[in-house]
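Spelled out from the first residue to the last, the chains are:
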Amino acid sequence: MTEVLRILRKHGFYYLLFLPVAVYLIIFKYVPMIGIMIAFKDVTPFMSMGEIVTSSFIGFKHFVNFFNSFFFWDLMENTLMISIYKTLWSFPAPILLALLINEVHNTYFKRISQTISYLPHFFSMVIVAGLVYVVFGVQGGLVNHLVVLTGGEPQHYLGDPRWFRTILVGTTVWQTVGWGSILYLAAMAGLNPETYEAANIDGASKIQQVRHITLPGISHVIVILFIFRIGDLLDAGFEQILLLYSPSVYEVADIIDTYVYRAGLLNLKYSFASAVGLYKSILALLLLLAANKFAHFLGHQGIW
Amino acid sequence: MRIKATPMERLFYLGNYVFLIVVSLLFLIPFISVLSTSFISTAEWARRGNFVLIPEAPTLEAYQFLFGGSKGTVFNAYKITFFRTIVGTVLCLTFTGLGAYVLARRNLPGRTFMTLLVFIPMVFSGGLIPFYLVVDRLRLTNTVWIMITPFLVNPWWLLIMRNFLMTIPVELEEAALMDGANPLTVLLRVYLPLSMPALTTIGLFYAVWHWNGWFYAAVFNSNRDLYPIQVILRSILYLGDASYRGDLGIMFEPEMMPPAQTLKAAMIIVTTVPILLVYPFIQRYFVKGLLIGGVKG
């Protein structure tokens, strides 16, 4: 007891400073975590907080219903495929861009092209979606204009299941490639220039230098960023898809997150939507743990 | 020592420049095409009906529709956006700064537990619906605070801030305490001035997050007077969707509505220009912040 008093007297000021943060975290982060128990109940929209807490548990009914539903595999497939396609394109793109920018010796050109490439990172997803709507517009859109010029027929690309995922992937690359190149460029700037000079004297070509000096030199950044990416593989881009999709492309566009949003907030199936959300949260946590383990296995510090 | 470029290398450099110019254009073209679309007049649109790079008779019709009229929707939306950005950033910085300051104290008993309290939400969350129930039952929905109160701390940025504070030598604090300063003075006079660079960077992170935020303002709020500009833009993007037509009728004066495409374009410009104006000044802070966070992990 006296020990507690001693600590409080010495450090009480700092605990007091931390109190607002702790209260914030408990209310807005930890109460929702406890609130996930509604996935095991039947909560209706008009229940008070007290009624939600005291209502009885019904077990795994919502989970069973979800796993047995006809859309379960569609949602899994869409989530994973969109995410994997995005990774396939938007992961290597910044590395390539960084390699090319790194070969520019004119400082002004370098700075201007970098500044332009970072810009989309600062745009909200609504702005990016807006650009997509206007550029891909059926009437007056740039893309359809070019299609017509080359002898094609104007199309409603955003409403076309054959094109929707391509637009998602392209938009993601467009928005993230510049910003993503920063860490690689910083790693490249840290490489020893004498190594390149020695390689030059030995007659190594540009490609050989990239393969044997640059890429090994930045491999630790590539590995750690790839592990991060695997850790949130289930995030296929909720806001982006929510802003761009429509019922005509649900078959290729509806992911777990958009489904939770519609089931929970539009159709008010709180408990069922929470069950689907919890399924995703647990799967995401397992992925992250596995990715982190893998990082340790490779001798990297990992995420923690 | 510099070795003369071989013809192959010169070709490579030339190709590299050309490629990077094309890439830069790919970033700019969507924006330029939207800018020119926003100036097309109703008459020209009706007559040509396809993509126009340079309007024959540029007009401000679409902008007049957005800013004119008696309802002042766009002005009000700017006001809401400024409010949430300024008040939100100040509150976020206060909470994040205090949390980081406490977690940066190496000799504080319970520090590991408190750090864990911040860290766990980074890897696991209750999900959208339980979060909605909490903010709804706290009566934050349909108030301006729905955009601010639930988002006071980004755990990731708090830990970056903590890492920065841990680089400030403890000796400074010890010296101030020797001179008779109390803990509050140490915080305000020693640590606060020294952490200005980090506070600026993290503050800009929060400010841009608030400026760009739309989801909670649109989904957990149905009061049109509280729509920030991003949400107005979203309503206009859904112009083709009948269920949003009524929405727009209430927010604007629909009798004189310009073509949907020019209206969308103009609203994109209205939303983007403030970001473009500050972008050159804030960009380097973001790069710095990314590099600090990236190195420390």
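S.K.: Teacher, can you tell me more about the overall build of chain A here?
M.R.: The helix and strand tally for chain A stands at 15 helices and 0 strands. Here chain A has a C-alpha radius of gyration of 25 Å; the compact-globule value for 304 residues is 19 Å, and the former is much larger. Along the three orthogonal principal directions, the C-alpha set of chain A runs to about 75 × 70 × 35 Å. For chain A, the proportion of contacts with a sequence separation of at least 24, taken over those separated by at least 6, is 67%.

S.K.: When you look at the overall build of chain B in this model, what are you seeing that I'm missing?
M.R.: In terms of regular secondary structure, chain B is built from 14 helices and 0 strands. Along its sequence from the N terminus, chain B presents helices and strands in the succession α-α-α-α-α-α-α-α-α-α-α-α-α-α. The globule rule puts the C-alpha radius of gyration for 297 residues at 19 Å, and the 25 Å found for chain B is more than 25% above it. Overall, chain B is about 80 × 70 × 35 Å in size when its C-alpha atoms are taken along their principal axes. Here chain B holds 297 residues, and 35% of them are scored as buried. Restricting to contacts in chain B with at least 6 residues of sequence separation, those with at least 24 account for 73%.

S.K.: Where do I start with the nonpolar core in this structure?
M.R.: Side chains of nonpolar character tend, in soluble globular proteins, to be buried together. Formed by 118 residues in total, the largest nonpolar core has its most connected members in A:Ala129, A:Val132, A:Val260, A:Val276, B:Ile232, B:Met267 and B:Ile268. Per element, the largest residue contribution to this core is 10 residues, and it comes from helix H7 (residues 125-135) of chain A. In terms of nonpolar packing, the next biggest core, distinct from the first, is built from 11 residues, A:Ile95, A:Leu97, A:Ile182 and A:Leu183 among them.

S.K.: Would you explain helix H9 (residues 161-189) of chain A in this entry?
M.R.: Because each turn of an α-helix spans 3.6 residues, side chains separated by three or four positions end up pointing in the same direction. Between its terminal C-alpha atoms H9(A) stretches 43 Å, which fits the 42 Å expected from 29 residues at 1.5 Å a residue. Maximal helix bending in H9(A) amounts to about 45°, located at A:Val177.

S.K.: Quick question: what am I supposed to make of the interface of chain A and chain B here?
M.R.: One frequently used descriptor of interface size is the decrease in accessible area upon assembly of the parts. In this assembly, 70 residues from chain A lie in contact with 69 residues from chain B. At 18 residues, helix H1 (residues 2-35) of chain A tops the list of elements feeding residues into the side of chain A that touches chain B. Its residues assigned to classes, the side of chain A that touches chain B shows 47 nonpolar, 18 polar and 5 charged.

S.K.: Would you explain the environment of A:Leu17 in this entry?
M.R.: Examined against the element boundaries, A:Leu17 turns out to sit in helix H1. Overall, the presence of 18 C-beta atoms within 10 Å leaves A:Leu17 in the partly exposed class. In contact with A:Leu17, other than residues within four places in its own chain, are B:Leu98, B:Tyr101 and B:Val102.

S.K.: Where do I start with the confidence of the model for chain A in this structure?
M.R.: Low-pLDDT portions of the prediction should not be read for the details of their coordinates. Chain-level pLDDT for chain A is 92 on average; 100% of the residues reach the 70-or-more range. Looking over chain A, one finds the lowest element-wise mean pLDDT in helix H2 (residues 49-54) of chain A, namely 88, and the highest in helix H4 (residues 72-90) of chain A, namely 97.

S.K.: What should I look at first to understand helix H5 (residues 92-102) of chain A in this one?
M.R.: What H5(A) keeps buried is the set A:Pro94, A:Ile95, A:Leu97, A:Ala98, A:Ile101 and A:Asn102. Looking straight down H5(A), one finds its buried side chains confined to an arc of 165°; they lie on one side. Against the buried residues of H5(A) lie helix H6 (107-118), H9 and helix H11 (206-231) of chain A together with helix H1 (7-37) of chain B.

S.K.: Help me out: how do you make sense of the confidence of the model for chain B in this one?
M.R.: All names here are of chain B. Per-residue confidence for chain B gives a mean pLDDT of 89; residues scoring 70 or more make up 94%. When mean pLDDT is taken per element in chain B, helix H4 (residues 73-103) scores highest with 96 and helix H13 (residues 242-251) scores lowest with 70. For this predicted complex, the interface confidence comes out at an ipTM of 0.91, alongside a pTM of 0.92.

S.K.: Which parts of the structure should I look at to understand the packing of H1(A) against helix H5 (residues 111-123) of chain B?
M.R.: Each pair of packed helices gets described by two things: the angle between the helix axes and the distance between those axes. The contact between H1(A) and H5(B) brings their axes to 11 Å, and the two run at 35°. Judged by the sense of rotation from one axis to the other, the crossing of H1(A) with H5(B) is left-handed. Contacts between H1(A) and H5(B) pair A:Phe18, A:Ala22, A:Leu25 and A:Lys29 from the former with B:Met114, B:Leu117, B:Val118 and B:Pro121 from the latter. Of the residues belonging to the contact of H1(A) with H5(B), the class tally is 7 nonpolar, no polar and 1 charged.

Procedures and definitions
- Throughout this document, residue positions are counted from 1 along each chain, in the order its sequence is written.
- For this description, chains carry letters from A and ligands carry numbers from 1, given in the order in which they are written.
- Since the coordinates come from a predicted model, pLDDT governs what is reported: local features require at least 70, and pairs of side-chain atoms require 80 or more to be given and counted, while whole-chain, interface and lining totals use all residues.
- In DSSP terms, a helix is any run of H or I states spanning at least four residues, a strand is any run of E spanning at least two, and both are numbered starting from the N terminus.
- To get the radius of gyration, use the C-alpha atoms; to get the globule rule, take the number of residues to the power 0.38 and multiply by 2.2 Å.
- Residues are treated as contacting if the C-beta atoms built from their backbones sit within 7 Å of each other.
- The exposure scheme places C-beta atoms from the backbone and then counts, for each residue, the other C-beta atoms within 10 Å of its own, assigning buried at 20 or more, exposed at 12 or fewer, and partly exposed in between.
- In this description, a nonpolar core means buried residues of the types Ala, Val, Leu, Ile, Met, Phe, Trp, Tyr and Cys, linked to one another by C-beta atoms lying within 7 Å.
- Helices are assigned an expected span. That span is 1.5 Å times one less than the residue count.
- Working definition for bend: take the seven residues up to and ending at a residue and the seven starting at it, fit an axis to each, and measure the angle between the axes.
- Only Asp, Glu, Lys and Arg are considered charged, only Ala, Val, Leu, Ile, Met, Phe, Trp, Tyr, Cys and Pro nonpolar, and every remaining residue, Gly among them, polar.
- Confidence scores here are pLDDT values: one per residue, from the predictor, ranging 0 to 100.
- Arc definition: it is the arc formed by the directions from the helix axis to the C-beta atoms.
- In this analysis an axis means a line fitted to C-alpha atoms, helices contributing only their contacting stretch, and an angle means the value between N-to-C directions, from 0 to 180 degrees.
- It is the rotation of the near helix from the far one that decides the hand of a crossing: anticlockwise by less than a right angle makes it left-handed, clockwise makes it right-handed.

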